[in-house]
Amino acid sequence: MRSRDPHMGAALTALWRQELRCLFAGKALWVMLLLLSPLVGYSFIQSLSLYGEASRTALQFPELARGMTPLDGILVPTFGSLYLATTLLFPFVAIRLISEEKQSGALKLALQLPFRPATLVAAKLLALGVAWLLAMIPALSALAIWRLLGGHLHGVETANLLLGHFLYALLIAGIAMLAATLTEGGATAAIVTLAATIGSWVLDFAATGRIGWLRQVAALSLTAGLRTFERGIFALPTVLGMLVGAATLFAMTAVVLPLGRPLRHKLASSAGVLVAGAAIGLLAAKPMVYADTTEDRRNSFAAADEAALRTLTQPLAITINMDPGDPRVVDLDREILSKLRRLVPDLSIAFGEVDKAGQFGAAGDDRYGLIVYGYAGRHDESRSTSPEEVLPLIYGLAGVKVGASADAAYPGYPLVAEGQTAAVWFYGGLPTLFGLSWWLIRRRPFRPDRNQGGV
């Protein structure tokens, strides 16, 4: 069998090294790195400045220090520039690995090697993994500088944010590689990829303040998945969903990649991959495993409240008599509903039909702003969006007693620091390092490795 060939291991290693040579020999990777360094640097320095201004006030009034969280003030804005580069620049790196081989005829030769198309796709994916690690250098160096300046980092919430960006990059790579396989040229593949990513932004914007199918579809967008990690939530359905989505894209790439395969066979196989991916994705959404990775537990109720809510065995129904775009609905979702979804096994949320005129205090439906809670045949109502008022109402309907809470208060981490050293590194040192690496690699002759497995 092919897998028992003693030379296969060496051939696979040679294949991967060949993909790395193609990656490093191109301009796309190095241009992305040269642009990413000042982009991340600017985001980090601006975040450092704004965080320092807020910290000066917090140091004068200690009660304000609890709102100083490095995740919101430093990490998310800094990694936001990485998100932008992953969306707009990283696809060009992935597309080049396929489109240039198609144009030069190297892909025809590669498909004649003793490898399955899935193996070729996996080799390209591993090479892209190296590219993504290089792209992480500016962001990781920002974290290192933050720590050197005396800043605080919480390991779990930082690791959760890194995981989210990795999964997002994996999806972007899958879209780009599939687009490069389906199209004839790199320019067309880039347009298709950007249409998918920017279309995800448009979908998110269109679903803001809406209910129904549009909001449900928007929850499957690329940015919605990453936003979960930026909020400090580890959601197993989101992790599995993004992994299944990426695996489906790579599987479709392997199906479409062979050049001489009949079109009807490619279509049939692609349809089968889509159906299998959708079925697995539905199963991946079942495990309701969530964790609040933030140090200040912003996404959680107090431990005693969470223990009480997990005991609710009957359906809890909430009817909101407000327009979905009302700011009070946003507050209600952030403070109560999003937390209840992760705790109450059987929760239903609906919007009642009310006259929007009541939103502006005009004469109209006096039910506007009323939130009705139902549990075990009992009902109660309130206009509050505060957990301090809503949770006792739910406990009263369910007949649940809540113990005393002993959660420690979040201290906050204000810090006033200067960013001159960071500016020298991001605007000078790091671009010089990347530029020198590019120059040294281009000086070396680029030719296939003839000493590894015949590839």
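A short tour of the structure in this document, coming up.

Parameters and conventions
Per chain, residue numbering runs from 1 following the sequence as it is written. It should be noted that, the model being predicted, local features are given only for residues of pLDDT at least 70 and side-chain atom pairs only at 80 or more, the latter also being counted only at that level, while totals for whole chains, interfaces and linings use all residues. Think of the side-chain values as coming from all heavy atoms in the structure, minus any hydrogens and water. Numbering of helices and strands runs from the N terminus; a helix is a DSSP stretch of H or I covering at least four residues, while a strand is a stretch of E covering at least two. Between buried and exposed lies partly exposed: a residue is buried under 20% and exposed over 50% of the maximum accessible area for its type, with that area taken using a 1.4 Å probe on protein chains only. Between two residues, a contact is recorded if the distance between any of their heavy atoms is within 4.5 Å. Note on areas: these come from Shrake-Rupley sampling with a 1.4 Å probe, and a residue is covered only by the protein chains present in the view. Fitted lines through C-alpha atoms serve as axes, helices being fitted only where they are in contact, and the angles separating the N-to-C directions of these axes extend from 0 to 180 degrees. Should an angle lie under 35 degrees it is considered roughly parallel, over 145 roughly antiparallel, and from 65 to 115 roughly perpendicular; all remaining angles are considered oblique. Each crossing gets its hand from how the near helix is turned against the far one by less than a right angle, where anticlockwise is left-handed and clockwise is right-handed. Under the scheme applied, nonpolar residues are Ala, Val, Leu, Ile, Met, Phe, Trp, Tyr, Cys and Pro; charged residues are Asp, Glu, Lys and Arg; polar residues are all the others, including Gly. In this scheme Phe, Tyr and Trp rings, the latter by its six-membered ring, pair at centre separations within 6.5 Å, and the angle between planes marks the pair as stacked below 30 degrees, edge-to-face above 60, and tilted otherwise. Think of it this way: DSSP has to see at least two bridges between two strands before they count as a pair. Residues enter a nonpolar core if they are buried and are Ala, Val, Leu, Ile, Met, Phe, Trp, Tyr or Cys, with the set joined through side-chain atoms within 4.5 Å. Think of a polar contact as two N or O atoms within 3.5 Å of one another; within protein, one of them needs to be a possible hydrogen donor and the other a possible acceptor, and neighboring residues in sequence only count if both atoms come from side chains. Patch membership requires over 30% relative accessible area and the absence of a salt bridge. Like charges are linked within 9 Å, and nonpolar side chains (Val, Leu, Ile, Met, Phe, Trp, Tyr) within 5 Å. When a carboxyl oxygen of Asp or Glu is within 4 Å of a side-chain nitrogen of Lys or Arg, the pair counts as a salt bridge.

**Considerations on the overall build of the chain**
- Secondary structure summary: the chain contains 16 helices and six strands in total.
- A buried classification covers 45% of the 455 residues belonging to the chain.
- Considering only contacts within the chain whose residues lie at least 6 apart along the sequence, 78% involve residues at least 24 apart.
- Here the chain has roughly 22700 Å² of accessible surface; of this, 62% comes from carbon and sulfur atoms.

**Digging into the packing of helix H3 (residues 70-88) against helix H6 (residues 117-148)**
- Where H3 meets H6, the closest approach of the two axes is 9 Å, and the angle between their N-to-C directions is 160 degrees. With respect to their mutual orientation, H3 and H6 come out roughly antiparallel. As H3 runs across H6, the sense of the crossing is right-handed. In contact with Pro70, Ile74, Leu75, Thr78, Phe79 and Leu82 of H3, H6 contributes Ala135, Met136, Ala139, Ala142, Leu143 and Trp146.
- A per-class count over the contact of H3 with H6 returns eleven nonpolar, one polar and no charged.

**Re the packing of aromatic side chains**
- By the definition in use, this model includes six aromatic pairs.
- Aromatic pair tyrosine 83 and tyrosine 168: ring centres 5.1 Å apart, planes at 50 degrees, arrangement tilted. With a gap of 85 residues between them, tyrosine 83 in helix H3 and tyrosine 168 in helix H7 (residues 155-182) connect regions that are remote in the sequence.
- A ring pair is formed by tyrosine 410 and tyrosine 413, whose centres lie 5.8 Å apart and whose planes are at 75 degrees; its orientation type is edge-to-face.
- According to the relative accessible area criterion, tyrosine 410 is buried, its value standing at 11%.
- Residue class for tyrosine 413 comes out partly exposed when judged on its relative accessible area of 22%.

**Considering the pairing of strand E6 (residues 378-382)**
- As defined by bridge partners, strand E5 (residues 371-375) adjoins E6 across five bridges and the pair is classed as antiparallel. The residue of E6 that forms the bridge with valine 372 is glutamate 381.
- Hairpin connection of E5 to E6: two residues between the antiparallel strands, including alanine 376 at a positive phi of 55 degrees.

**Observations regarding the sheet that holds strand E3 (residues 316-320)**
- Spatially, four strands are ordered E4-E3-E5-E6 in an open sheet, and the strand pairing comes out mixed. Two strands in the sheet have a free side with no partner beyond their single neighbour: strand E4 (347-351) and E6. Recorded for the sheet is a direction-independent mean angle of 15 degrees between the axes of neighbouring strands.

**Concerning the nonpolar core**
- Membership of the largest hydrophobic core comes to 86 residues, with the highest contact counts inside it found for Leu23, Leu29, Phe44, Phe90, Leu128 and Phe426.
- Apart from residues lying up to four places away in sequence, phenylalanine 426 is in contact with Ser37, Pro38, Val40, Gly41, Phe44, Pro138, Ser141, Ala142, Ile145 and Pro431.
- Counting 27 residues, the second-largest nonpolar core is a separate cluster that includes Leu343, Val354, Tyr373 and Val390.

**Some thoughts on the side chain of threonine 69**
- Mapped onto the fold, threonine 69 is located in the loop between helix H2 (27-60) and H3.
- Separated by 3.2 Å, the side chains of threonine 69 and aspartate 72 make a polar contact.
- Among residues more than four places away in sequence, those in contact with threonine 69 are Tyr51, Asp296, Arg298 and Tyr410.

**Things to note about the packing of H2 against H3**
- Across the interface, H2 lies against H3 with an axial gap of 9 Å and an inter-helix angle of 160 degrees. One way to sum up the angle between H2 and H3 is to call them roughly antiparallel. For the element pair H2 and H3, the recorded crossing hand is right-handed. Two secondary-structure elements touch here, H2 through Leu36, Leu39, Val40, Ser43, Phe44, Ser47, Leu48 and Tyr51 and H3 through Pro70, Gly73, Ile74, Pro77, Thr78, Ser81, Leu82, Leu84 and Ala85.
- When the residues that make up the contact of H2 with H3 are grouped by side-chain class, the tally is twelve nonpolar, five polar and no charged.

**Concerning a nonpolar patch on the surface**
- Side chains of Leu436, Trp439 and Leu440 sit close together on the surface and give an oily, nonpolar patch of about 310 Å² of accessible area.
- By the element assignment, leucine 436 lies in helix H16 (residues 420-443).
- Relative accessible area serves as the criterion here: at 45%, leucine 436 is assigned to the partly exposed category.

**A short note on the pattern of salt bridges**
- Counted under the stated rule, the structure contains ten salt bridges.
- Aspartate 331 is paired through a salt bridge with arginine 334; the nearest N and O atoms lie 2.8 Å apart. Of the two residues, aspartate 331 and arginine 334 are both situated in helix H14 (residues 327-341); the distance of three residues between them amounts to about one turn of the helix.
- Residue aspartate 331 is classed as partly exposed on the basis of its relative accessible area, which comes to 28%.

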